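Analysis of the macromolecular model
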Amino acid sequence: MADSRLKRRIPYHLPSIGADEVAAVKEVLRSGWLTTGSKAAQFEKEVAALTMAKYAVAVNSCTSGLHLALLALGVGPGDEVITTPYTFSATGETIVHTGARPVFADVERGGFNIDPGKIAAAITAKTKAIVPVHMAGDPCNMSEIMRLARSHRIGVVEDAAHAIGTWYEGRPVGSIGTLTVFSFYATKNLTTGEGGMVTTDSETTADLMRQLSLHGLSRDAWTRYSAKGSWRYEICELGYKYNLSDIQAAIGLVQLRKFEAMQERRRRLVEAYHEGLAGIPDLILPEERPGTRHAWHLYIIRLGGERPPNQRDDLIEELKDAGIGVSVHFIPLHLHRYYQQAFSYGPGDFPEAERQYRSAISLPLYPTLKLEEVAHICSILRRQLHRTARYRPKRGMVYHDQAHF
Ligand SMILES: *Cc1c(COP(=O)(O)O)cnc(C)c1O
């Protein structure tokens, strides 16, 4: 028993890095140019092409990209930015770093993405931007969000950390909002270890972000170490150190060549999960919505119906004991101490987000995952869920869906 468990260890994530990425890094290391240069420029061009955006600015993380995008929209102290509580810390903290107030709007009923109706209700004279998050790679209702933004003359910064490869109504994410920010963090669908990219159709916005990403230096500073460069530079804006190195960009360029194949593999694994988990009572599986292409960054299942309290947490422990790595995306921001202390949010404020959070489990999903491993995960889940499916709450008993905060 113990041995078979050891053999069957399935990690939650493994990066898809091969000999080509290693060779590309070696080439950069030997080239004499390690920081932002021709590889970063080429990476920007190729991501712009993939996402059908006019301009792309490479940055060292999605977090710094979100910060720059908000600054480029002029977001600052006294402003409000509407976003979802159902996201990673980066989405909220970058709003706070600009000096603006994060205003949360709950997710759609039964879903993970921000509800446009709740956005509309949260818009005030102070609202400067909307930051939707395409959870797991499933696009938000962008036609409604863009309509709201246009009618109120506010910007849209898409947190597309999960959404490289996502399409919405015939357009790739990256060419829809005012600005779109991608992540190339180690676990994301396309990785440079750490990295990010901001896309936009505005040249002046792209230029400003590029300048801010390197200490606010004048444009010529980018070439100051090359043959035609000069020692002169000027600090034009209060900047940051957010640029992406050529070492990382070289990894990204190789990943781009493999990207369609990696996405195809994710789709194949998702089909296997769909089949392997079909028909389990009260188990809710993720779906690709009509008119969209899901990037399948995450495969999040949810426990629905009448289930024992804590069943989600117990199931995570059981999967762990069986050697299967799982995760939870995400603990909603308003349930964290910082947001409660700084902005007076609290449990109960966004009931849909809390409901999704309490029922969600992210299963392993990455290109090197094997179909037999998916089958194994499905059979363990099926066994565990059948064992608890007979559970019925005692008549008259009320279960308080208590948050653990
Ligand atoms: C990963 C992630 C980020 C941050 O990406 P980094 O590149 O690590 O800064 C932002 N938003 C969401 C929703 C994420 O999952």
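The structure displayed is predicted, hence computed values, not measured ones.

**Quick look at the site of the ligand**
Taken together, 16 residues lie near the ligand, and Thr63, Asp159, His162, Ser183 and Lys188 sit nearest. One of the side-chain N or O atoms of threonine 63 is found 2.5 Å from an oxygen atom in the ligand. Contacts to the ligand include serine 183, whose side-chain N or O atom sits 2.7 Å from an oxygen atom. Calculation on the ligand without its partners gives an accessible area of 390 Å², and the protein chains cover 93% of this total. Counting only elements with at least two residues in the shell around the ligand, the list comes to helix H4 (62–72) and helix H5 (89–97).

**Some words on the domain arrangement of the protein chain**
Per the domain assignment, the segments making up the protein chain are domain 1 (19–254) and domain 2 (259–385). A straight line from the C-alpha centre of domain 1 to that of domain 2 covers 26 Å. When domain 1 packs against domain 2, the two sides together hide about 3,100 Å² of surface, and 60% of this comes from carbon and sulfur. Interface area lost by domain 1 to domain 2 is led by Tyr86, Phe104 and Asn189, which between them contribute 22%. For the pair domain 1 and domain 2, the number of links is three salt bridges. One salt bridge in this structure joins arginine 109 and glutamate 352, with 3.1 Å as the shortest N-O distance. At the boundary of domain 1 with domain 2, the tally comes to 21 residue pairs in polar contact (both at pLDDT 80 or more). Elements that contribute at least two residues to the side of domain 1 that touches domain 2 include exactly H5, strand S3 (101–104) and strand S6 (167–168). A class-by-class count of the residues in the side of domain 1 that touches domain 2 yields 19 nonpolar, 13 polar and eight charged.

**Examining the nonpolar core**
Counting 56 residues, the largest nonpolar core has Phe43 and Ile119 as the members making the most contacts within it. Mapped onto this core, the elements with two or more residues apiece are helix H3 (38–51), strand S1 (55–59), S3, helix H6 (116–122), helix H7 (142–152), helix H9 (246–277), helix H11 (337–343) and helix H12 (351–359). Composition of this core by domain shows at least three residues from each of domain 1 (19–254) and domain 2 (259–385). Setting aside residues up to four positions removed in sequence, phenylalanine 43 forms contacts with Phe184, Leu190, Thr192, Met197, Leu244, Ala249, Gly252, Leu253 and Leu256. Listed in part, the 30 residues of the second largest apolar core include Ala272, Ala322, Ile361 and Ile377.

**Here's the deal with the pattern of salt bridges**
The final tally for this structure, using the stated rule, is 14 salt bridges. As a salt-bridge pair, aspartate 138 and arginine 289 come within 2.8 Å of each other at their nearest N and O atoms. Taken together, the residues span a long stretch of sequence, with aspartate 138 in the loop between strand S4 (127–131) and H7 and arginine 289 in the loop between strand S10 (283–284) and strand S11 (292–293) at a distance of 151 residues. We note a salt bridge from arginine 267 to glutamate 260, for which the minimum N-O separation is 3.3 Å. On the accessibility criterion, arginine 267 (14% relative accessible area) is buried.

**Examining the sheet that holds strand S2 (residues 80–83)**
With mixed pairing, the seven strands of this open sheet are ordered in space as S1-S9-S8-S5-S4-S2-S3. The open sheet has two free edges, formed respectively by S1 and S3, since each of these has just one partner strand. For this sheet, the mean angle separating the axes of adjacent strands, direction not counted, is 25 degrees. Where strand S8 (residues 179–183) and strand S9 (residues 196–200) come together, five bridges link them in antiparallel fashion.

**A look at the pairing of strand S12 (residues 299–303)**
With five of its five residues buried, S12 lies for the most part within the structure. Neither face of S12 is exposed, since Tyr299, Ile301 and Leu303 on one face and Ile300 and Arg302 on the opposite face are all buried. The pairing of S10 with S12 spans two bridges and is antiparallel. Looking at the pairing, leucine 283 lines up with leucine 303 of S12.

**Examining helix H2 (residues 19–31)**
Each α-helix winds once per 3.6 residues, and so residues spaced three or four apart point in a common direction. Taking 1.5 Å per residue as the helical rise, H2 with its 13 residues ought to reach 18 Å, and the 18 Å between its terminal C-alpha atoms agrees with that figure. The secondary structure elements touched by the buried residues of H2 are H3 and H9. Two residues or fewer after H2 comes glycine 32, characterised by a positive phi angle close to 90 degrees.

**A few points about the state of the cysteines**
Following the criterion strictly, the structure yields zero disulfides and no others. Take cysteine 140: it sits in no disulfide, and the sulfur closest to it among the cysteines is that of cysteine 62, at 13 Å. On the basis of relative accessible area, cysteine 140 is assigned to the buried category, the value being 0%.

Criteria and cut-off values
Residues numbered from 1 in each chain as written. Predicted model: local features only at pLDDT ≥ 70, side-chain atom pairs only at ≥ 80, totals over all residues. Heavy atoms only, no water. Near = heavy atom within 4 Å. Polar contact = N/O pair within 3.5 Å; in protein donor to acceptor, adjacent residues only side chain to side chain. Areas by Shrake-Rupley, 256 points an atom, 1.4 Å probe, with all protein chains shown as cover. Helix = DSSP H or I, 4+ residues; strand = E, 2+ residues; numbered from the N terminus. Domains from an automatic or database assignment. Buried area = accessible area lost by both parts, 1.4 Å probe. Salt bridge = Lys/Arg side-chain N within 4 Å of Asp/Glu carboxyl O. Nonpolar A, V, L, I, M, F, W, Y, C, P; charged D, E, K, R; others polar. Core = buried A, V, L, I, M, F, W, Y, C linked by side-chain atoms within 4.5 Å. Buried < 20%, exposed > 50% of the residue type's maximum accessible area, 1.4 Å probe, protein only. Contact = heavy atoms within 4.5 Å. Pairing = 2+ DSSP bridges. Axes fitted to C-alpha atoms, helices over the stretch in contact; angles between N-to-C directions. Expected span 1.5 Å × (residues − 1). Disulfide = S-S within 2.5 Å.

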